[in-house]
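Report on the structure
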Amino acid sequence: MNLDHPLARTAVAAADDTLPLEVRRSAVHGDGAFATRGLPRGRRVGVYAGRRYAPGELLDQPWDNALTYLFGLSDGTCIDGGEGGNATRHINHSCAPNCAAVEVTAEDGTLDVVIQTLRRVRTGEELFLDYALDIGDQSPEAYPCRCGSHLCRGTMAREAGPDTPTPPDSPA
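To start, this report covers the structure provided alongside it. Once a new chain begins, its residue numbering starts again from 1 and follows that chain's sequence as written. Residues qualify for local features only when their pLDDT is at least 70, as the model is predicted, and side-chain atom pairs are given and counted only at 80 or more; totals for whole chains, interfaces and linings, by contrast, use all residues. Only heavy atoms go into the side-chain values, all of them from the structure, while hydrogens and water stay out.

With that out of the way, let us pick up the sheet that holds strand β3 (residues 44-47). In a beta sheet, neighbouring strands pair by backbone hydrogen bonds and run either parallel or antiparallel. On the basis of which strands lie adjacent, the open sheet formed by three strands has the order β3-β9-β8 and antiparallel pairing. Across the chains shown, the open sheet's two edge strands, defined by having one partner strand only, are β3 and β8 (99-105). Shown here is a sheet whose adjacent strand axes are inclined to one another by a mean of 30°, direction ignored. Only strands joined by at least two bridges in the DSSP assignment are considered to pair. Per the convention used, a helix needs a DSSP run of H or I reaching at least four residues, while a strand needs a run of E reaching at least two, with both numbered from the N terminus. Summarising the sheet, β8 and strand β9 (residues 111-117) pair through seven bridges and their orientation is antiparallel. Among the inter-strand pairings, V104 is bridged to a residue of β9, identified as D112. Between N-to-C directions, angles cover 0 to 180 degrees, with each direction set by a line fitted to C-alpha atoms, over the stretch in contact for helices.

Written out as C-alpha cells, the structure is:
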C-alpha cells in the first residue's frame with residue numbers, strides 16, 4: 001500500500017454507505033466484485049473490513065493452504081476479510097488494476113484500507129487490485145497470476161524494483 005498515493009490525499013467520499021459493487025463468478029478467479037454502476041476515477045468503492053489481528057498474531061492461525069482474504073497494514077496489523085468482512089474481499093488481482101488500496105488513518109487512530117478507482121469503471125466491469133504481494137525470499141512462480149492482461153507479469157508478487165532486494169540466488 002502506498003501511503004503517498006495521490007488518491008490518499010484526494011479521497012472522494014461515497015455518496016452513501018452502500019458499496020457500489022456486487023459479487024458474482026469471475027472469469028479470473030472464483031468470485032469477483034463487479035461495479036453496479038459507473039464509477040468515476042478517484043471514487044471510493046469501500047473500506048476493506050474484517051477481523052483485525054495484532055502483529056504476530058497470525059502466526060498462531062492454522063491456515064492449511066486455505067483461501068485467505070488477508071490485508072497487511074504498515075503498522076504490522078492485518079485485516080482478515082474472511083471473518084466479518086464485506087464484498088471488497090472479492091476484488092481479485094490484476095497486473096492492470098482499475099482500483100487501488102490506500103491505507104488511511106481513521107478518526108479513532110486505527111489504520112483502514114480504502115479501495116478507490118484508478119480510472120473510470122463501467123457498470124458491470126470487474127474491479128481489480130494489484131495485490132503486489134510481499135513474498136520475501138519465496139519464488140514469484142509460487143504466486144501465479146491468471147489476470148490475462150497484456151501487462152501480466154505472471155505473478156501476484158510485487159514487481160522487483162530498485163527498492164526491492166534481489167533474492168541471493170537470482171541474477172542481478
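In this section: the sheet that holds strand β6 (residues 78-80). The strand order across the open sheet built from three strands is β4-β6-β5, with neighbouring strands paired in antiparallel fashion. The two strands at the open ends of the sheet, each matched to only one other strand, are β4 (51-53) and β5 (70-72). The mean inter-strand angle of the sheet, taken between neighbouring strand axes irrespective of direction, is 25°. As judged from the three bridges shared by β5 and β6, these two strands associate in the antiparallel manner.

Moving on to the environment of Q138. By secondary structure assignment, the location of Q138 is in the segment after β10 (128-129). Relative accessibility under 20% of the residue-type maximum defines a buried residue, over 50% an exposed one, and the middle range a partly exposed one, all with a 1.4 Å probe and only protein chains included. Of the residues examined, Q138 reaches a relative accessible area of 41% and is grouped as partly exposed. Taking the C-alpha atoms as reference points, Q138 and A157, 19 residues apart in sequence, are found 9.6 Å from one another.

Another aspect to go through is the pairing of strand β2 (residues 31-35). Among the five residues in β2, four count as buried, and that is most of the element. Pairing geometry for strand β1 (residues 21-25) and β2, over five bridges, is antiparallel. In the sheet register, L21 faces β2, and the bridge partner there is A35. Turn length for the β1-β2 hairpin, with the two strands adjacent in sequence and antiparallel, is five residues, and the turn residue G30 shows positive phi of about 45°.

How two aromatic rings sit relative to each other is given by the distance of their centres and the angle of their planes. Planes of paired rings set the category: under 30 degrees apart is stacked, over 60 is edge-to-face and the rest tilted, where pairs are Phe, Tyr or Trp rings (Trp by its six-membered ring) whose centres lie within 6.5 Å. Summed over all chains, the structure comprises one aromatic pair. Over a ring means this: the NZ of a Lys or the CZ of an Arg is within 6 Å of the ring centre and within 35 degrees of the ring normal. For the cation-ring pair, R24 lies above F34, with the distance from its terminal atom to the ring centre recorded as 4.0 Å. Stacked on the ring of Y69, the Lys or Arg R89 has its end atom at 5.6 Å from the ring centre.

Scope: geometric values only; no functional claims are made or implied.
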